[in-house]
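# Secondary and tertiary structure notes
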Amino acid sequence: MGGIQSCLAPAPYTALCAKNLDDTILSYYMDLASDKFGGSIKSASDQYFGNADNLIDENDPQEDEEELDKDGDRDGWQSRRHVDEAWTIIKLGCDGRLYGFDINTINFNDAAPLTVTIEASPSNQSRGPNKWVTLLPNVPVTPNQHNYFLLGVNNESYSHVKLTISPGGGVARLRCYGIAVPNWPQNLKKNVNLASVRKGARITRWTDTQNANNPNILMDHGKTSEDGWETPHSREANRNDYVVIQLASPGTLNSLVVSTEHYLGNAPNAISIDGCYSVEEDPAYDYTADWIEIVRHESVEENAINRFNVTNNKKVFSHLRLTVHPDGGVQQIMALGHPYVHKEQKDENVLQVIPKEKSDIISSSDESVTPSPENYDTIVTTSRRKRYRASADKAAQAIQETMEIKTRVKRRQITTEEF
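Here is what the cut-offs are and how they apply
Residues numbered from 1 in each chain as written. Predicted model: local features only at pLDDT ≥ 70, side-chain atom pairs only at ≥ 80, totals over all residues. Heavy atoms only, no water. Salt bridge = Lys/Arg side-chain N within 4 Å of Asp/Glu carboxyl O. Helix = DSSP H or I, 4+ residues; strand = E, 2+ residues; numbered from the N terminus. Buried < 20%, exposed > 50% of the residue type's maximum accessible area, 1.4 Å probe, protein only. Polar contact = N/O pair within 3.5 Å; in protein donor to acceptor, adjacent residues only side chain to side chain. pLDDT = per-residue confidence, 0-100. Contact = heavy atoms within 4.5 Å. Phe/Tyr/Trp six-rings, centres within 6.5 Å; stacked < 30°, edge-to-face > 60°.

### Here's the deal with the pattern of salt bridges
Counted according to the given criterion, the structure contains 12 salt bridges. Note that Asp31 is salt-bridged to Arg175, the shortest N-O span being 3.5 Å. Of the two residues, Asp31 is situated in strand β3 (residues 30-31) and Arg175 in strand β12 (residues 173-180); the sequence distance between them amounts to 144 residues. Residue Asp31 shares its accessibility class with Arg175, and that shared class is buried. Notably, a salt bridge pairs Glu281 with Arg202, separated by 3.1 Å at the nearest N-O pair. In this pair, Glu281 is assigned in the loop between β17 (270-276) and β18 (292-299) and Arg202 in strand β14 (residues 202-206), connecting sequence segments 79 residues apart. Given a relative accessible area of 11%, Arg202 falls into the buried group.

### Observations concerning unusual backbone geometry
A cis amide bond, omega -10°, links Ser166 with the succeeding residue Pro167. In the segment running from His325 into Pro326, the intervening peptide bond is cis, with an omega of -20°. Looking at the secondary structure, you find Pro326 in the loop between β20 (316-325) and β21 (329-330). A positive phi angle is found at Asn240, which is not glycine, with a value near 50°. Summarising the element assignment, Asn240 is placed in the loop between β15 (229-230) and β16 (242-259). Owing to a relative accessible area of 29%, Asn240 belongs among the partly exposed residues under this scheme.

### Remarks on the side chain of Asn254
As for its placement among the helices and strands, Asn254 is situated in strand β16. Judged by relative accessible area, Asn254 falls into the buried class, the value being 10%. For Asn254, the side chain forms a polar contact with the side chain of Asn191, separated by 3.0 Å.

### A short note on the confidence of the model for the chain
Per-residue pLDDT for the chain has a mean of 81; in total, 77% of the residues score no lower than 70. With pLDDT under 50 throughout, residues 344-350 is counted as low confidence; its partners more than four residues away or in other chains account for 12 contacts. A low-confidence stretch, residues 356-389 (pLDDT under 50), is modelled with 60 contacts involving residues beyond four sequence positions or located in other chains.

### Structural notes on the packing of aromatic side chains
Across all of its chains, the model carries five aromatic pairs by this definition. Plain terms: the ring middles of Tyr13 and Phe149 are 6.2 Å apart, the flat faces sit at 70° to each other, and that makes the pair edge-to-face. Remark: Phe149 occurs in strand β9 (residues 146-151) and Tyr13 occurs in strand β2 (residues 13-16); sequence separation between them is 136 residues. Pair check on accessibility: Tyr13 and Phe149 agree, each one buried.

Right, dumping it as structure tokens:
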């Protein structure tokens, strides 16, 4: 990954020398501007030869240089000729942090702009996007290809993006890669889906390398089976593929929902769900993370919404592991519960669940059922500190044993050499 780097922009950027998204770190993030994710065009200065809606189309642009190399025929957003610049404002599907862009100019040869500027509007502006921060300042783009840019460290959350091209021309697609940032109300009246990609949930580990590395099962109900996750067939042995989901926020769970809608004849026989708490994005790198069984190998109905109640609704989880037995398709998983927030106290390991109004405790809907108020008391994770100490002692003991073995081997070598 080499290229142009700027240290003058508010968020330093690097132009990535890559032809495919999978060759970049941006493949790890979501396209927050995609219409599938809920992105929309708010306004545009000029759409004479192509609507700005094409910029956020989740599908890649058609590639046919002969048929699509005329004004008005290209698959993308295109302004009229002889304008100094053109711009469009995109509302992201949800507030989020931005880590990079793909300015796709496929089929735009002589019609591609020379330079592009991308600005973003910070979240939580009461009167809409009235403040803009420049993320890519007048950067050059190459015609008829992907132009990937990686941003530097920037923890600001944004709600809108403004794309400006100069001179007027066209861009096929604009991908805004980042992570959704949840904005939870202080008093939640009902459960929220902590496994929603639009709140920031992500898949961080998967065994089905062909199909599982996508956020489909974290999105709202799909229209066909292609919108979910379907594993390959088990042949000689059961596959039992799984995905690890980092929840949008750690929290307590009241119920889990696994949808097999649109899967007829190819739904799994059963599923199992485990949970853990970890500060790592992938608990595989956290030797202190303990997986706890939440749903034990329960059968599921095909083309149906399967609900499972969580008995231990005081336990705080940050990750879920969904396993399908032996194989099959899942449309969506939902984790209904309440997030917690860190409580500013001397003890950094004290956690507090977002409180709930007393009037909201009683509800007839399953989705709105919540634990009693005592479940929202401060959770002091003393046991977690003990596990850290126990793990550290175990690691120290293992290192000591390894050193002793190496010492014994070295002594044998010395003895052998003497004889």
